[in-house]
Amino acid sequence: MNLCDYNTIRSLLERHGFHFTKSMGQNFLLDPQIPADIAAASGAGSTCGVLEIGPGIGPLTAELAKRAGKVVSIELDKTLLPVLAETMAPFPNVEIIQGDVMRLDLGALAAEKFQGLTPIVCANLPYNITSPVLQKLVDAPCFQSVTVLIQKEVAQRLSAPQGSPEGGAFSLFMQYYMEVEELFEVPRDQFLPAPKVDSAVLRCVRRQSPAVSVDDEDFFFKVLRGAFLLRRKTLVNSLSAALSGWDKASIQSAIERCGLPPDVRGERLTLADFASLEKCLREKTCV
């Protein structure tokens, strides 16, 4: 069954009485080469256990099942379960779990389902949950890589070079833990229904250790996020608003001790810059 053929999709959905739900961000792929390319890019092999989020009717699931030792797909929409029962019937290594990915303990799920396998993630993510899902996946250290089809603009932002205006606090958070790369684009007309924006495949591979060494990771991320609190303002003004208990003069002194321009904005800093700034700030006395 070609799960990317328009007529096949329509017939399948009508047979099961399925109707698209806009709030769930459901968009099904129309080119069979795309799920094949995504599955190949994920690096899934017989020693891998693949977690998929939002399988839809299963075109990517099927491609992953051909490669991986096991595939576990989490689907929120109960009305898709009978569809998946039909389309995934040929693949005994696929397990469908009905549930909300944001409510599940993904580390515990991987430990239970992928015993003896290397856990990775590969998914066509709904646009409306991209960032919280990615953060949840990064926070689960068992997943060695994450390969996702997401909104093109988000993929470009998350893979933006450090210190460029295209990046932000979340892109630096991702790059602290992962090596992030945008692989290829997928035009909007390759989906049913067609979304209003183009998509892209993002691959994130977990680093053996974080990109920079810091002594106080919690404070490091507090500084990093604070630098973008007032994005259009200078770094000193943004951090003054974000760091309760720190006076502006101490923050300005720490910025200059790091060799940064006094009027620099947070978007211009790399992870190495933030690591230096975190150290300089901790050496100052909180007032």
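Residues numbered from 1 in each chain as written. Predicted model: local features only at pLDDT ≥ 70, side-chain atom pairs only at ≥ 80, totals over all residues. Heavy atoms only, no water.

> Quick question: what am I supposed to make of the state of the cysteines here?
A covalent bond bridging the sulfur atoms of two cysteines is what the word disulfide describes. Scanning all chains against the criterion turns up 0 disulfides. Considering cysteine sulfurs only, C48 is the nearest to C122, which forms no disulfide, with 11 Å between them. Taking relative accessible area as the criterion, C122 reaches 0% and is therefore assigned buried. Cysteine C142 shares no disulfide, and the gap to the nearest cysteine sulfur, in C48, comes to 13 Å. (Disulfide = S-S within 2.5 Å. Buried < 20%, exposed > 50% of the residue type's maximum accessible area, 1.4 Å probe, protein only.)

> Could you clarify how one ought to interpret the sheet that holds strand β6 (residues 145–151) in this entry?
Backbone hydrogen bonds hold the strands of a sheet together, and the pairing may be parallel or antiparallel. Strand order across the open sheet formed by 7 strands is β4-β3-β2-β5-β6-β9-β7, with mixed pairing between neighbours. On the outer flanks of this sheet lie β4 (94–98) and β7 (178–186), each paired with one strand and no other. Put simply, the sheet's adjacent strands are angled 20 degrees from each other on average, direction ignored. When strand β3 (residues 70–75) meets β4, the two strands line up parallel, connected through 5 bridges. The partner of E75 across the bridge, within β4, is Q98. Strand contacts of helix α2 (residues 33–42): β5 (118–124), β6, β7 and β9 (199–206), with the helix running at about 150 degrees to β6, the strand carrying the most contacts. Of the strands in this sheet, β2 (48–53), β5, β6, β7 and β9 are in contact with helix α6 (residues 130–139), which crosses β6 at around 175 degrees. (Pairing = 2+ DSSP bridges. Helix = DSSP H or I, 4+ residues; strand = E, 2+ residues; numbered from the N terminus. Axes fitted to C-alpha atoms, helices over the stretch in contact; angles between N-to-C directions. Contact = heavy atoms within 4.5 Å.)

> Explanation requested: the environment of E95 in the structure shown.
Along the chain, E95 turns up in strand β4. Ignoring sequence-local partners within four residues, the contact set of E95 consists of K70, V71, V72, S73 and K113. Separated by 3.3 Å, the side chains of E95 and K70 make a polar contact. (Polar contact = N/O pair within 3.5 Å; in protein donor to acceptor, adjacent residues only side chain to side chain.)

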